[in-house]
Structures are given as C-alpha cells and as structure tokens.
Amino acid sequence: MAERIGILGGTFDPVHVGHLVAAVEARHDLALDRVLLVVANEPWQKTGERVLTPAEDRYAVVAAAVEGVPGLEASRIEIDRGGPSYTVDTIDEVVGRHGDAEIFLVVGADVAGQLASWIRVDELPGLVTLVVVHRGGVEPGPDPVGWRVRRLRIPALEISSSDLRRRLAEGRPVDFLVPEPAIRCITRRGLYAVGR
Ligand code: ATP
Ligand code: MG
C-alpha cells in the first residue's frame, strides 16, 4: 500500500497544542502513516513583520514536542533547502523522495483562506489533498476552488504562537499550552526571554 503522508507546515514560533492536536487528529482521521511538522526556514509572508526566532531553535522545540509521539515527525526539509520557504518546493521534494506516497497538505482555516497568495500555488492541487482544520476563533470560509478538500473538526483551541510569545515575554506560564519537553527546550535555549 502506498504511504500516506501528512504535511503540516508552519513557523512554529513556538509550537503549541493547536498544531499538535491538528497533526494527531489528521493522522487519525485520514489514516496517515505519519505527519511531518515542516518548520519554515524563511516564512516569506511573515519576515519583516518582526524578528523571528532562528529556524534551528524553532526546529529544536518542535522536535522536543513530538519526541516519542507515534507518527509525528519534525521535518528539517525547508531548513536544509535554505532560503524562502515555498510549500510547492517542499511538496516537490516529498514527491521526489516518496514517489508513490499519497500526500495530504494540512492547513488551519486561517491559512486555507490565503492560499491564493502562495507562490506557484496552481501546481499544488494536482499533487495533494488539502486538509482544512477548524481553528478556534476563525470563521470557516468556503472550500478553496480547484482543490480536493477534506475538512477536519478538532476541539476549538483558541491558541496561537503570537499569543504564546506575548505570554512568554510577560513571564506568564505556558504550561499545558506547550508540551513540557518543548518548554524545557525553550528554557534551555533561553528563547522568548525565558530563563534570562
Ligand atoms: P502565529 O500566531 O505566529 O501566526 P500560529 O499559531 O498561527 O502562529 P503557525 O506556525 O502560523 O502558528 O501555523 C502553522 C499551521 O498550524 C497553520 O496552518 C495554522 O493555521 C495551523 N494552526 C495554528 N494554530 C492552530 C490552532 N489553534 N488550531 C488549528 N490550526 C492551527
Ligand atoms: Mg499563523
């Protein structure tokens, strides 16, 4: 049987339970063999807005979060490629490595509404099934046209990395919003002004 691979791309600055529940639910619901949490090297739509945490640090925190979780993997594919991170390049690379795999591109409802702004986005519907995950606080939009779309309802977790960065900067706790091994990694690396 062909492998079924989920791709959940993100800046993960930092990773949180919203990402992880989406990944686990997608894996279960769509019977995926594994879900790759692909850490963006240069999220070109976000750069310039603020100073991002270095990609290697964001990757280390994701790796700590998924360590020992069956079927979830942190992926360096965009970091190793370098430069701005375009999803189409990532999917091309996954297709190249796993020729016969069936690929599921997992996005939150907010991202599903912005696909038109992606580079070479017209190449993607022929390569993947789009999995749109419900996101707390985001009104679900119509299905993106031209894609094979699956909808995934997860418990509405109104949590974002933006909010976590604010909490961490203010010294508020993020326990249970971020898995404990990931918090330890954040502290060890002195990220988000924690441990300083
Ligand atoms: P930021 O606030 O910095 O944008 P974020 O929480 O949106 O961070 P991203 O790294 O931008 O996290 O998101 C990666 C992917 O995970 C996107 O497809 C996004 O829609 C999805 N996602 C993030 N948080 C949730 C959530 N709470 N529920 C469902 N999907 C989510
Ligand atoms: Mg986001």
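Quantities reported herein were computed from a predicted structural model and do not represent experimental measurements. (Residues numbered from 1 in each chain as written. Chains lettered and ligands numbered in written order. Predicted model: local features only at pLDDT ≥ 70, side-chain atom pairs only at ≥ 80, totals over all residues. Heavy atoms only, no water.)

Some remarks on helix H4 (residues 87-97)
Listing the buried residues of H4 in full gives Thr-87, Val-88, Thr-90, Ile-91 and Val-94. Taken end-on, H4 shows its buried residues confined to a sector of 160°, consistent with a single buried face. In this structure, H4 carries Gly-96 and Arg-97 as exposed residues pointing more than 90 degrees from its buried face. Packed against the buried residues of H4 are strand S1 (4-10), strand S2 (34-39), helix H3 (77-81) and strand S4 (102-108). (Buried < 20%, exposed > 50% of the residue type's maximum accessible area, 1.4 Å probe, protein only. Helix = DSSP H or I, 4+ residues; strand = E, 2+ residues; numbered from the N terminus. Arc of directions from axis to C-beta. Contact = heavy atoms within 4.5 Å.)

Observations regarding the side chain of Glu-78
Position of Glu-78 among the secondary structure elements: in helix H3. Buried and unpaired, Glu-78 has no salt bridge, with Arg-81 as the nearest side chain of opposite charge at 4.1 Å. (Lys, Arg positive; Asp, Glu negative; His and termini not counted. Salt bridge = Lys/Arg side-chain N within 4 Å of Asp/Glu carboxyl O.)

Remarks on the pairing of strand S3 (residues 72-75)
Note that S2 and S3 share four bridges and pair parallel. Paired with Val-38 across the strands is Ser-75, a residue of S3. Handedness of the crossover is the feature at issue here: the chain leaves S2, passes through helix H2 (residues 55-66), returns alongside S3, and the resulting connection is right-handed. (Pairing = 2+ DSSP bridges. Right-handed = clockwise from strand over helix to strand, strands pointing away.)

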